[in-house]
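Below are the chains, spelled out letter by letter.
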Amino acid sequence: MLRSLLQRLFATLWPKKSERRLNDEFAEHLHALAELQSERGLRPDEALLAARREFGPLEPAKELYRDQARFRSIEVIGRDFRFALRQCRKNPGFTAAAVVSLALGIGANAALFSFINAVLLKKLPVPQAMRLVVLKNAAEPVIFSYAQLNELNRQATELDGLMGTHPIDVSVMFFGDHPQWVSAELVTGEYFHTLQIKPERGRLITQRDLDDAEGNPTCVISDRLWKSALGAADDVIGRTILLNTRAYKILGVSERGFTGSDLQRPADLQIPATRLVDYMPAFIGIPHFDWKSRLSLFSALSRLKPEATTASAAGQLTRLNRAYLNSAKLNDHAADIQLADGSAGLQSSSKLAKPASILLGVSLILLLIACANLATLLLSRTSARSTEFALRLAIGGSRRRILAQVLVESALLAVFGTASGIAVAYAVKRILLSFLNRTIPQIHQLHVALDGAVLVFVVVTSAICVLLFGAAPALQAARTVALGSSAGNTRAGVAMRKAFVVAQIALSFVVILSAGLLAGTLRNLKAVDLGFRPDEVASIDIRPAAGGYTGAQANQFYTRVVDRVRTLPGVKAAATAFGSNLAGSFKMKLNPLQQPGAPYQVNLVGVNPGYFATFGARILAGRDFNAADTPDKPQVYIISEHLAKTYFHGENPIGRHLRSDGGELAVIGVVSDIRDQGPLETSLNTVYQDIGQLLASSLTVFVRCDGPCAPLLPTLGAAIRNIDPNTPILSTHTLQTEIEG
């Protein structure tokens, strides 16, 4: 059976050789019959004629043999494709217009789908990812302390592991060369058990490693980092590398393809959470501060047991969490816990998901417009070919063959459009990534691949396109054959073309309306008064911990950086801040002065003296922060003008207090309103706290220039590197670039 199929396939794919063999066999049969006739006394020419009469018609016999020896349907499709190619060469202008239309439509959709696939559809490469859940409260991830997570994991019987993780950026030195940034995670002891990841080499982190981490620093690296930075060295286990200038021993290499618990922020290093002080030096030397129970830092991911349900596990975790918070006297923390799908990791959605979905919808509409336009052109061509179709019918062609021929021509255009569309998709993807990654540090930049899922999407889209723009011309061609009248066909073709024109106009109206709304939104955002010129303010992200600075040394390093930057030509002011971020600020809830009343949701920003001058804000009442505001003094706050008016209802706020669940906040000043959280932040209610009274390890340096800052960025970077070359800069850009990005 298999041999017969292979022979038929061979005869179909190489018909010339099969045809020669067929002609030789027929010639042998005729020669044998002619010899029999010669033996009966006929001359050679008469014997050959008699043999042919006895054998019968040759061509029908050959056709019967071909039907049995080949796959005729493949042959027919091949002939149709060759004819379609000739038609394309005959009409190069039409072919080019059709291919370009399809390429732009398919390419744009494929590029945008690749983003949707990357941020919404992919799952963590772990066993039984559907059993993973994220711990949330009011649709936001709950942030736990180290001790809190361990206690919940110890008591929860519905869970097969509860892990915590906190993302960090680490300065790594492999061979004594210059340090490089690597994205990493501080993890709890249940991290790898919960995810059920196996080691590629060595072993993975357990709770015992966290208990011993203070005296024996260890880490786990990804398979990707092992190959890229260490050349897949066989002696990687036990090798020492420097993380933030401190020696760590490599414990193991994680499973191939695994890069952390967040698909949108891949991590190549997992570090025991008990080594926190190496990456947050502000917590060193603080008396009576138990960070393990008092510092809420870790996002949580859990794996349900096979017999557990989401509702029962959430109920148990809520009860256990309330009991823990009551015993620890942390009544201001969120107690209720809901469980959400964690198959995509901690970041199961993204700020890119919604805009990418909208753009994909608009792109699909554009593809529909292109298909409708192409269908109109093909209908016109089909009407012009009505005489050709009638002639083919007259000489023995069938309606089915003519219908198939038109569909094959449409499919060939789709093949050309798809091939060109893949190239367009690659170009569009690169353009979008270059735009989105402008202000993102290299280790956190978004990477999107045109993988198998995207190619399947392209193939399905192409097939749908063939049906959309190929069905109408094929039906019209069949109608031509059925009616045998070009007049009737022309009337039908005109009606179909009018219908496609109406569809194009309707879809174009939707696209134009969407574009108008987008343009209006961008115009409104551009018109927002930020209170400062974003092109004249630069943002520099630098982490002293990467250079080995701890505690007060980190604060001194920032002071040296700010003092040095202020002396540079073209610089008007400089300061550091914590929580001032155009991508999203820290939030704080204030209770109203008069009950009952709705709570106030405000932005919380930590700043140092000089911050307001850097952003061009003015002190309207009270005073600015100064050197006298030390950690051993009562904490003081400055509020925005808008918050002063709405919270204190026009009364003088100086010397009064804001009320929060954590206590009362003393107000020492009022500053003019600035949108230092960016134009997307709708609230002008902001509370500022002195960094000197904060537990902050990673600050952002802001620099105000005497004009556009972009030309000064290299000078700023060089000045900071001159202070300490071993402390790498994570990113440097203007706020204008960040807003546009």
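Residues numbered from 1 in each chain as written. Predicted model: local features only at pLDDT ≥ 70, side-chain atom pairs only at ≥ 80, totals over all residues. Heavy atoms only, no water.

**Focus: the state of the cysteines**
Taken as a whole and judged by the stated rule, the model has one disulfide. Between the sulfur atoms of Cys705 and its disulfide mate Cys709 the distance is 1.9 Å. Its S-S torsion of about 100° marks the bond between Cys705 and Cys709 as right-handed, since a negative value means left-handed. Classification of Cys705 by relative accessible area gives buried; the value is 1%. (Disulfide = S-S within 2.5 Å. Buried < 20%, exposed > 50% of the residue type's maximum accessible area, 1.4 Å probe, protein only.)

**Digging into the nonpolar core**
Core analysis: the largest hydrophobic core is formed by 67 residues, its most contacted members being Leu195, Cys219, Ile221, Leu243, Leu269, Ile271 and Leu339. Among the elements that line this core, the one with the most residues is strand E4 (residues 159-173), at six residues. With residues up to four places along the chain from it excluded, the contact list for Leu269 reads Val172, Val182, Ser183, Ala184, Glu185, Cys219, Val220, Ile221, Leu225 and Leu243. (Core = buried A, V, L, I, M, F, W, Y, C linked by side-chain atoms within 4.5 Å. Helix = DSSP H or I, 4+ residues; strand = E, 2+ residues; numbered from the N terminus. Contact = heavy atoms within 4.5 Å.)

**Digging into the packing of helix H7 (residues 146-155) against helix H12 (residues 310-327)**
As a packed pair, H7 and H12 sit with axes 10 Å apart at the nearest point and diverge in direction by 135°. One element, H7, and the other, H12, form an angle in the oblique class. As for how H7 packs across H12, the hand of that crossing is right-handed. Residue-level inspection shows Ala147, Gln148, Glu151, Leu152 and Gln155 of H7 in contact with H12, the latter providing Leu317, Leu320, Asn321, Tyr324 and Leu325. Along the lines of polarity and charge, the residues of the contact of H7 with H12 split into six nonpolar, three polar and one charged. (Axes fitted to C-alpha atoms, helices over the stretch in contact; angles between N-to-C directions. Parallel < 35°, antiparallel > 145°, perpendicular 65-115°, else oblique. Left-handed = near helix turned anticlockwise from the far one by under 90°. Nonpolar A, V, L, I, M, F, W, Y, C, P; charged D, E, K, R; others polar.)

**Considering the packing of aromatic side chains**
Within a pair of aromatic rings, the relevant descriptors are the distance that separates the centres and the angle that separates the planes. Evaluated as defined, the whole model comprises 16 aromatic pairs. Ring geometry for Phe612 and Tyr688: centres 5.0 Å apart, planes at 85°, overall edge-to-face. One end of the pair, Phe612, is in helix H19 (residues 611-614); the other, Tyr688, is in strand E21 (residues 686-690), with 76 residues separating them in the sequence. The two residues Phe612 and Tyr688 agree in class, both being buried. (Phe/Tyr/Trp six-rings, centres within 6.5 Å; stacked < 30°, edge-to-face > 60°.)

**As for H12**
With 18 residues, H12 extends 26 Å between its outermost C-alpha atoms, agreeing within 8% with the 26 Å of an ideal straight helix rising 1.5 Å per residue. The complete set of buried residues in H12 reads Ala313, Ala314, Gln316, Leu317, Thr318, Leu320, Asn321, Tyr324 and Leu325. Of the residues one or two after H12, Lys329 is the one with positive phi, at around 55°. (Expected span 1.5 Å × (residues − 1).)

**As for empty space enclosed by the protein**
Counting across every chain of the model gives three cavities of 30 Å³ or more. The volume enclosed by the largest cavity comes to roughly 60 Å³. As for the largest cavity, its lining consists of Leu378, Arg381, Thr382, Arg385, Val406, Glu409, Ser410 and Pro473. Those elements giving two or more residues to the lining of the largest cavity turn out to be helix H13 (353-384) and helix H15 (399-436). Split by residue class, the lining of the largest cavity holds three nonpolar, two polar and three charged. (1 Å grid on protein atoms, 1.4 Å probe; cavity = no way out; pocket = protein on both sides within 12 Å on 5 of 7 lines; lining within 4 Å. Points joined across faces, edges and corners; volume = space filled by probe spheres on them.)

**Brief notes about the packing of helix H18 (residues 552-566) against helix H21 (residues 713-723)**
Closest axis-to-axis distance for the H18/H21 pair is 10 Å, and the angle between their directions is 135°. By the criterion of interaxial angle, the relationship of H18 to H21 is oblique. Of the two possible hands of crossing, H18 and H21 adopt the one that is right-handed. Facing Phe557, Arg560, Val561, Arg564 and Val565 of H18, the residues of H21 in contact are Leu716, Ala719, Ile720 and Ile723. Residue classes in the contact of H18 with H21 are distributed as seven nonpolar, no polar and two charged.

**Considering the layout of surface pockets**
Rolled over the atoms, a probe sized like a water molecule indicates the empty space that remains. Estimates place the volume of the second largest pocket at around 370 Å³. What lines the second largest pocket is a set of 21 residues, and nearest its centre among them are Lys122, Thr259, Leu263, Pro266 and His447. Per-element tally for the lining of the second largest pocket: the top contributor is helix H6 (residues 92-121), with three residues. Taken together, the residues that form the lining of the second largest pocket break down as eight nonpolar, nine polar and four charged.

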